Amino acid sequence: MALIDVHTHILSKRYTDLLEKHGPPLYGLSRDSEGSVIVTRKGARFMTFTAPMFDPTVRLEAMDAVGVGLELLSYTCPNCYWAQGKTAETVARVMNDDLAEVCAKWPQRFRGLASIPLQDADLALRELERALDELGHVGLIILANVTETPLDDARFEPIWAELSRRRVPTLLHPTAPPGVPEMGLGDYGLIPSVGFMFDTTLAVTRMALGGVFERHPDWPLIVSHAGATLPFIAGRLDQCYRFIPDARAKAPHPPSTYLKRLYYDTVCYDVKALKLAYDLAGPERLLYGSDYPHNIGDMPGCAARIEALDIPAAEKALIRDGNAKRLFGV
């Protein structure tokens, strides 16, 4: 039984050229001490380029070695949220067009999760329609904040309403959280190791407490990295909901009610962490993901941790590919 990878990333030269030209002063390209090309954010290391991000043929070899039959490709952060005006439209179209070209060349191995410029709601809705209806992408990727604007902000409501109406499966991926300089996350590579986990946890908690999931219950949202810290702190969130009035102001149910309705990928590095996500949401809401080909991605390890779970074989089959087939129709 082949795996379906719902969390795996791609880039294109046209996109990185646009990032290099229009990204500064927030984002730029540089090289690290080992000569690798990296994306910097305000001068701090943010993300490392790897060859498979740009070369699908290298991906196919790695997929075959692990038994991944299909990858749902998406652009990683910083995605297109750094662009403004006409540039935002250009960047989003380039991303989705280049992604569609790869999927069309290898239709049995790759499908696309589109990107939309959330910083412009009208443009985002137009690009969503184009990407899904014209280009044939099967879902969406969004980042956990939009240049530090939280996802429960009212400006995004029309987008969440449309995603719920169309039941668009969406991968929620972290980016640099608000307050990077204040928290010193530019040191020691802390943005991906700690900042990403904080960003995802904060985004989903705000959306739950802000009533987003109550208002838009038909939106299938997949939380990256096995839910970050959400499976670990779900009980704490409910306890705060019970005893802090502010936490109950906009959501009629405890946070865990909504967390159990979300989906989670398997991108984590400890089977005990994966078991927490399983215990929170159940086998029908876990999907194989690897974070390949990031330098910390782990295609074989994420597959092995599914097999290491002490659960029935039928449930493992759901996590490997069954849930993805149902959710994305692939």
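Criteria and thresholds
One numbering rule holds for all chains: residues counted from 1, following each sequence as written. The predicted nature of this model means local features are confined to residues of pLDDT at least 70 and side-chain atom pairs, given and counted, to a pLDDT of 80 or more, with totals for whole chains, interfaces and linings taken over all residues. Heavy atoms from the whole structure form the basis of all side-chain values; hydrogens and water molecules are not counted. Put simply, DSSP marks the helices as runs of H or I at least four residues long and the strands as runs of E at least two long, and each gets a number from the N terminus on. Note on method: radius of gyration uses C-alpha positions; expected globular size equals 2.2 Å times residues raised to 0.38. Think of it in three bands: with a 1.4 Å probe and only protein chains considered, a residue is buried below 20% of the maximum accessible area for its type, exposed above 50%, and partly exposed in between. Surface accessibility in these figures is a Shrake-Rupley result with a 1.4 Å probe; residues are shielded only by whichever protein chains are displayed. Only four residue types enter the tally: Lys and Arg on the positive side, Asp and Glu on the negative side; His and the chain ends are excluded. Taken as the charge location is NZ of Lys, CZ of Arg, CG of Asp or CD of Glu. Strands were regarded as paired on the criterion that DSSP finds at least two bridges between them. Working convention: axes come from line fits to C-alpha atoms, limited for helices to the stretch in contact. Angles between N-to-C directions cover 0 to 180 degrees. Here the term cavity refers to a set of points on a 1 Å grid, laid over the protein atoms alone, in which a 1.4 Å probe fits but cannot get out; the term pocket refers to an open set having protein on both sides within 12 Å along at least five of seven lines, with lining residues being those that place an atom within 4 Å of a point. Grid points are joined across faces, edges and corners, and a volume is the space filled by probe spheres set on the points. Residues are grouped as follows: Ala, Val, Leu, Ile, Met, Phe, Trp, Tyr, Cys and Pro are nonpolar; Asp, Glu, Lys and Arg are charged; all remaining types, including Gly, are polar. The arc refers to the directions leading from the helix axis to the C-beta atoms. By the convention used here, residues are in contact when the closest approach between their heavy atoms is within 4.5 Å. Expected helix span is computed as 1.5 Å times (number of residues minus one). Note on bend: the value at a residue is the angle between axes fitted to the seven residues ending there and to the seven starting there. For patches, a residue must show more than 30% relative accessible area and have no salt bridge; joins then use 9 Å for like charges and 5 Å for nonpolar side chains, namely Val, Leu, Ile, Met, Phe, Trp and Tyr. Salt bridge, as used here: a side-chain nitrogen of Lys or Arg that lies within 4 Å of a carboxyl oxygen of Asp or Glu.

Even after reading the chapter, I still don't get the overall build of the protein chain, so can you show me in this structure?
Looking only at helices and strands, the protein chain features 13 helices and 13 strands. At 19 Å, the protein chain has a C-alpha radius of gyration in line with the 20 Å of a compact globule built from 330 residues. Along the three orthogonal principal directions, the C-alpha set of the protein chain runs to about 50 × 45 × 40 Å. Buried residues in the protein chain amount to 57% of all 330 residues. Split by element, the accessible area of the protein chain, about 13600 Å² in all, is 53% carbon and sulfur. In the protein chain, which carries 35 positive and 41 negative side-chain charges, the distance between the mean positions of the two groups comes to 3 Å.

Could you clarify how one ought to interpret the sheet that holds strand S3 (residues 37-41) in this entry?
Hydrogen bonding along the main chain pairs the strands of a sheet, whether they run parallel or antiparallel. The three strands lie next to each other as S2-S3-S4, forming an open sheet whose pairing is antiparallel. Among the strands making up the open sheet, the edge pair consists of strand S2 (27-31) and strand S4 (44-48). Across the sheet, the axes of successive neighbouring strands diverge by a mean angle of 40°, strand direction being ignored. Relative to S3, S2 runs antiparallel, the two being bridged by five bridges. The residue of S3 that forms the bridge with Gly28 is Thr40.

Explanation requested: the layout of surface pockets in the structure shown.
Any empty space left between atoms is shown by rolling a water-sized probe over those atoms. Empty space within the largest pocket amounts to approximately 480 Å³. In this structure, the largest pocket is lined by 26 residues; those nearest its centre are Pro192, Phe196, Tyr269, Asp291 and Ile296. Elements supplying a minimum of two residues to the lining of the largest pocket: S4, helix H7 (190-209), helix H9 (230-243) and helix H11 (271-281). When residues in the lining of the largest pocket are grouped by element, the largest group, four residues, is from S4. Tallied by class, residues from the lining of the largest pocket come to 16 nonpolar, seven polar and three charged. There is about 240 Å³ of room inside the second largest pocket.

I keep staring at helix H1 (residues 13-22) and nothing clicks. Help me out?
Residues of H1 that are buried include every one of Tyr15, Thr16, Leu18 and Leu19, and no others. Along the long axis of H1, the arc covered by the buried residues comes to 155°, so they all point the same way. Exposed and facing more than 90 degrees away from the buried side of H1 are Lys13 and Lys21. Packed against the buried residues of H1 are S2, S3 and helix H3 (85-105).

Hey, could you run me through H9 in this one?
An α-helical turn contains 3.6 residues, so a residue and the one three or four places further along point in the same direction. Under the 1.5 Å per step criterion, the end-to-end length of H9 is 19 Å for 14 residues, consistent within 8% with the ideal 20 Å. The largest bend in H9 comes to about 25°, at Arg236. Of all the positions in H9, only Leu230, Pro231, Ile233, Ala234, Leu237, Asp238 and Tyr241 are classed as buried. Contact partners of the buried residues in H9: H7, strand S11 (221-223), helix H10 (255-259) and H11.

Would you take a moment to explain unusual backbone geometry for this structure?
It is generally the case that most residues other than glycine have a negative phi and that most peptide bonds are trans. Note the cis peptide between Cys77 and Pro78, where omega equals 15°. Tracing the backbone shows Pro78 in the loop between strand S5 (68-74) and H3. Unlike most non-glycine residues, Glu148 shows phi in positive territory, near 80°. Its place among the elements puts Glu148 in the loop between strand S8 (145-146) and strand S9 (149-150). Even without being a glycine, Tyr188 presents a positive backbone phi close to 60°. Note on placement: Tyr188 falls in the loop between helix H6 (180-183) and H7.

It is not clear to me how the environment of Leu3 should be interpreted in this structure. Could you clarify?
In this fold, Leu3 is placed in strand S1 (residues 3-9). Along the backbone, Leu3 and Leu123 are 120 residues apart, and their C-alpha atoms lie at a distance of 34 Å. The residues touching Leu3, leaving out its near neighbours within four places in the chain, are Val66, Gly67, Val68, Gly69, Leu70, Tyr288, Ala303 and Arg320.

For this particular structure, what's the right way to read a nonpolar patch on the surface?
Together, Met183, Phe198 and Leu202 give the surface a local cluster of nonpolar side chains, amounting to about 250 Å² of exposed area. Take Met183: it is sitting in helix H6.

Any chance you could explain the sheet that holds strand S12 (residues 263-265) here in plain terms?
Strand order across the open sheet formed by eight strands is S1-S5-S6-S7-S10-S11-S12-S13, with parallel pairing between neighbours. Among the strands making up the open sheet, the edge pair consists of S1 and strand S13 (286-287).

I'm lost on the environment of Gly329 in this one. Help?
The topology assignment puts Gly329 in the segment after helix H13 (313-328). Residue Gly329 is classed as exposed on the basis of its relative accessible area of 62%. For the pair Gly329 and Val138, spaced 191 residues apart in sequence, the C-alpha to C-alpha distance is 7.9 Å.

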